[in-house]
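# Reading the structure
Letter by letter, the chains look like this.
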Amino acid sequence: MLFRSFSQWGEDGIIQFIVNTLNLNNKIFIEFGVETYHESNTRFLMMKDNWSGLVIDGSKKNIDIIKKQSIYWKYSLRAVQSFITVDNINSTITNNGYRGEIGILSVDIDGNDYWVTEAINCINPIVLVIEYNSTFGSDRAISVPYDPTFVRTTAHHSNLYYGASLPALTHIANIKGYALIGCNSNGNNAFFIRRDKLEPFKELSVKEAFVDAKFREARNKEGELLYLTGPERYNYIQGLSVVNVITNKIEVL
């Protein structure tokens, strides 16, 4: 039976199942977009199984909060403030002592997730956890255009215009040697395993794995929640520009 401890939608329970099934010995994680790390995908691994790792967030305030928590001296955790871009992600990781094979990489930056994942070449995770934007659907391999200053809350008032579709993330994961094994039940995180470690898991197609998001976070121009669901969310941002990551051409929603 899966569970939720520190993650938003049960990701840490899924991760425990994956880790235990694979019997991973490489107990190193990297997670970015962690805010204060109270809600995260890797905290349970650290506290239960004594994993060590690196967490990155763009806010100095958030990093200061992490460093004031008791976990910062109890565990082998390094917290770094950095606004992640494709130009600094590899140096940020290597400058903090990480390179080569690690157990888990978790990507959730609400924006350039596809482009940053594509750029990472200094580490070789066994498990990838990447946030996808289900509003973009399951048919098109699309992402928001790369912008090193991208901030989700200012990119569009809806709060729906960010990140990449599951087909886009599966595309770059496949290129890097990973297989899609599923998504969480609330429809915002996808799980990939490096192909040399895939057994006993089964690779799924995007259509098999895709879960439409259940949460309703769309907002109007005044910042009020609209509680849009399903196609209503897509219709609300229709006409905005995206990049087809296979053709590298600009398209519209």
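Quantities reported herein were computed from a predicted structural model and do not represent experimental measurements. (Residues numbered from 1 in each chain as written. Predicted model: local features only at pLDDT ≥ 70, side-chain atom pairs only at ≥ 80, totals over all residues. Heavy atoms only, no water.)

## Some remarks on the pattern of salt bridges
For the coordinates displayed, the defined rule picks out ten salt bridges. Several salt bridges converge on common partners, so that one network encompasses E101, R194 and D196. (Salt bridge = Lys/Arg side-chain N within 4 Å of Asp/Glu carboxyl O.)

## Quick look at empty space enclosed by the protein
All chains considered together, the criterion is met by one cavity of 30 Å³ or more. By volume, the largest cavity amounts to about 40 Å³. Tallied by class, residues from the lining of the largest cavity come to five nonpolar, four polar and two charged. (1 Å grid on protein atoms, 1.4 Å probe; cavity = no way out; pocket = protein on both sides within 12 Å on 5 of 7 lines; lining within 4 Å. Points joined across faces, edges and corners; volume = space filled by probe spheres on them. Nonpolar A, V, L, I, M, F, W, Y, C, P; charged D, E, K, R; others polar.)

## Looking at the layout of surface pockets
Size it by volume and the largest pocket reaches roughly 930 Å³. Around the largest pocket, the lining comprises 37 residues; the ones closest to its centre are G33, E35, D108, I109 and D110. Listed by contribution, the elements that provide at least two residues to the lining of the largest pocket are strand 2 (52–57) and helix 7 (152–155). Across the lining of the largest pocket, the residue classes tally to ten nonpolar, 16 polar and eleven charged. (Helix = DSSP H or I, 4+ residues; strand = E, 2+ residues; numbered from the N terminus.)

## With respect to the sheet that holds strand 4 (residues 100–107)
The seven strands are arranged 3-2-1-4-5-8-7 in an open sheet whose pairing can be described as mixed. A single partner strand is all that each edge strand has here, and the edge strands are strand 3 (77–81) and strand 7 (178–183). Adjacent strand axes in the sheet meet at a mean angle of 20°, parallel and antiparallel pairs treated alike. Helix 1 (residues 11–22) rests against strand 4, strand 5 (123–131), strand 7 and strand 8 (189–194) of the sheet, and its axis sits at about 15° to strand 8. (Pairing = 2+ DSSP bridges. Axes fitted to C-alpha atoms, helices over the stretch in contact; angles between N-to-C directions. Contact = heavy atoms within 4.5 Å.)

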